[in-house]
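Analysis of the macromolecular model
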Amino acid sequence: ITVDLLALYGLNQQITEYAQLKNAVALIDFDEQEKRIALIQNGQLRITRSIQKGKNALIKAISDEAKVDTAIVINNLTTNGLSDSDSSLGKIIQKHFVSLFNDIQFTLNSLSLKLNQHEVVEKILFTGQIHIAKDFIKFCKIMNNFGISTENIRNIDELLERIR
């Protein structure tokens, strides 16, 4: 399913529980070439950012460091996902995903400062190519770089299930 950021915002507004949130909600769309981050505050889309570092750059960085073909990295991500911390490739993959989380957190902090927003992001919703990594949401919750309640880290599939 391909959903652009504005459509995701509209989808977010159709779910009463999400539309009524007073604190900020972050929508993070991760595609092949970039990641797009939108911040919703009091039900309004306030600001968006595009960062030119998407799935392809992440896989290439992992591939370069591990000195393996990108197909091997993709295969490992889809079969073992982020729960493989035993192999050297698994450790490199986890390292790069932690770096990805740090990039996202930095961007969220920057956007919050730009909006002079003092409250924390209450929910984070991921969509796009990030789900190539098996157990992505689980790993995200374990790492919890975002400093929010782990039940508030979701993916697009959970949203779509609610409106079906």
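Note that the coordinates shown come from a computational prediction; the quantities given were computed from them, not determined experimentally.

Things to note about the confidence of the model for the protein
Averaged over all residues, the pLDDT of the protein is 80; the fraction at 70 or higher stands at 83%. Mean pLDDT in the protein bottoms out at helix α7 (residues 156–163), which sits at 53, and peaks at helix α3 (residues 55–66), which reaches 95.

As for the packing of aromatic side chains
To describe a pair of aromatic rings, one takes the distance between the centres and the angle between the planes. Counted according to the given criterion, the structure contains 4 aromatic pairs. When the ring of F101 is compared with that of F139, the centres are 5.9 Å apart and the planes differ by 35°; the resulting orientation is tilted. Here the residue F101 occupies a position in helix α5 (residues 88–114), and F139 occupies one in helix α6 (residues 136–143), the gap between them amounting to 38 residues. In terms of burial, F101 and F139 fall into one category: buried. Between the aromatic rings of F126 and F136, the centroid separation amounts to 4.9 Å while the plane-to-plane angle is 85°, which identifies the pairing as edge-to-face. Taken together, the residues F126 in strand β4 (residues 121–128) and F136 in helix α6 connect sequence positions 10 residues apart. For F136, a relative accessible area of 2% gives the class buried. Through a chain of ring-to-ring contacts, three or more aromatic side chains come together here, namely F97, F101, F126, F136 and F139.

Focus: the side chain of H96
Examined against the element boundaries, H96 turns out to sit in helix α5. When near neighbours in sequence (up to four residues on either side) are disregarded, H96 contacts L58, A61, I62 and E65.

Here we look at the environment of N80
Among the structural elements, N80 can be located in the loop between α4 (70–79) and α5. Assessed through its relative accessible area of 34%, N80 is described here as partly exposed. C-alpha of N80 to C-alpha of K134: the two residues are 54 residues apart in sequence and 6.6 Å apart in space. With residues up to four places along the chain from it excluded, the contact list for N80 reads N75, K134 and D135.

Rules behind the numbers
- Residues numbered from 1 in each chain as written.
- Predicted model: local features only at pLDDT ≥ 70, side-chain atom pairs only at ≥ 80, totals over all residues.
- Heavy atoms only, no water.
- pLDDT = per-residue confidence, 0-100.
- Helix = DSSP H or I, 4+ residues; strand = E, 2+ residues; numbered from the N terminus.
- Phe/Tyr/Trp six-rings, centres within 6.5 Å; stacked < 30°, edge-to-face > 60°.
- Buried < 20%, exposed > 50% of the residue type's maximum accessible area, 1.4 Å probe, protein only.
- Contact = heavy atoms within 4.5 Å.

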